[in-house]
Amino acid sequence: MNKENFMQTTINLAKKNVANGGWPFAAIIVKNKEIIAEGLNSVHLSNDPSDHAEIAAIRVASSKLNTSNLSDCEMYVVGMPCPMCLSCIVLSKIKKIYYSVDVKTKDKALTKLPLTEDLYKLISSNFAEDVIEFEHLEDFSEKGELVFKNWNNI
Ligand SMILES: [Zn+2]
């Protein structure tokens, strides 16, 4: 299969998800020109706001390959990933994403969802302090840091 076939497969999965009452998102992960994982957006089933196709596909691929390092894999998605998924993709070390719809077009087409462009702005604007209140409990700083440092020695 070539990249056009993989993208068509991804779009077909998204269409199928819609036909089953879901949201129009799907992702596949390809390694050595073979699909090793598929992911669908399942927010409609789980009510979990993080239940996105990209993360579902990463979970399947990581489990199958028994590693969190997917650097030798590529991902196909219908629309440019949201910032949450993009962060997960970076953590997985996937180096290439193929997408069919850019952020602006995605936002225009998906009138029922928050704008992906706004999510990107929010994440880049000092950790979303406009909509989320953050409180640094500094008395616990050393205790928290110690948990991190101790893990380095395990
Ligand atoms: Zn996402």
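Quick notes on the rules
Residues numbered from 1 in each chain as written. Predicted model: local features only at pLDDT ≥ 70, side-chain atom pairs only at ≥ 80, totals over all residues. Pairing = 2+ DSSP bridges. Helix = DSSP H or I, 4+ residues; strand = E, 2+ residues; numbered from the N terminus. Axes fitted to C-alpha atoms, helices over the stretch in contact; angles between N-to-C directions. Contact = placed C-beta atoms within 7 Å. Expected span 1.5 Å × (residues − 1). Buried ≥ 20, exposed ≤ 12 C-beta atoms within 10 Å, placed from the backbone. Core = buried A, V, L, I, M, F, W, Y, C linked by C-beta atoms within 7 Å.

**Here's the deal with the sheet that holds strand β3 (residues 73–79)**
Step number 1: The strand order β2-β1-β3-β4 describes an open sheet built from 4 strands, whose pairing is mixed. The strands lining the two open edges of the sheet, one partner per strand, are β2 (34–40) and β4 (96–101). Geometrically, the sheet is characterised by an average inter-axis angle of 20° between neighbouring strands, direction not taken into account.
Step number 2: Of the strand pairs in this sheet, strand β1 (residues 26–31) and β2 are connected by 6 bridges, and their pairing is antiparallel. Paired with A26 across the strands is L40, a residue of β2.
Step number 3: Together, β1, β2, β3 and β4 form the strand contacts of helix α1 (residues 3–19), whose direction differs from that of β1 by roughly 150°.

**Points about the environment of A26**
Step number 1: Residue placement: A26 occurs in strand β1.
Step number 2: Between the C-alpha atom of A26 and that of S50, which follows or precedes it by 24 residues, the distance is 14 Å.
Step number 3: The residues touching A26, leaving out its near neighbours within four places in the chain, are T10, L13, A14, N17, G39, L40, A53 and V78.

**Here's the deal with helix α3 (residues 53–65)**
An α-helix turns once every 3.6 residues. As a result, residues three or four positions apart point the same way.
Step number 1: For α3, with 13 residues, the first-to-last C-alpha span of 18 Å sits near the 18 Å given by 1.5 Å per residue.
Step number 2: Of the positions making up α3, those classed as buried are A53, E54, I55, A56, A57, I58 and A61.
Step number 3: Buried residues along α3 sit in contact with β1, β2, β3 and α4 (83–92).
Step number 4: Of the residues trailing α3, N66 is marked for its positive phi of about 55°.

**Considerations on helix α7 (residues 141–152)**
Step number 1: The end-to-end C-alpha distance of α7 is 17 Å, a good match for the 16 Å that 12 residues give at a rise of 1.5 Å each.
Step number 2: Within α7, only 0 of the 12 residues are buried, leaving the element largely exposed.

**Notes on the nonpolar core**
Step number 1: Residues A26, A27, I28, I29, A53, A57 and M75 are the most contacted members of the largest nonpolar core, which totals 27 residues.
Step number 2: Looking at this core, the element that brings in the most residues is α3, giving 6 residues.
Step number 3: Excluding anything up to four places from it in sequence, I29 contacts I36, A37, A57, A61, L70, C73 and M75.

Geometric descriptors of this kind do not, in isolation, establish any biological role.
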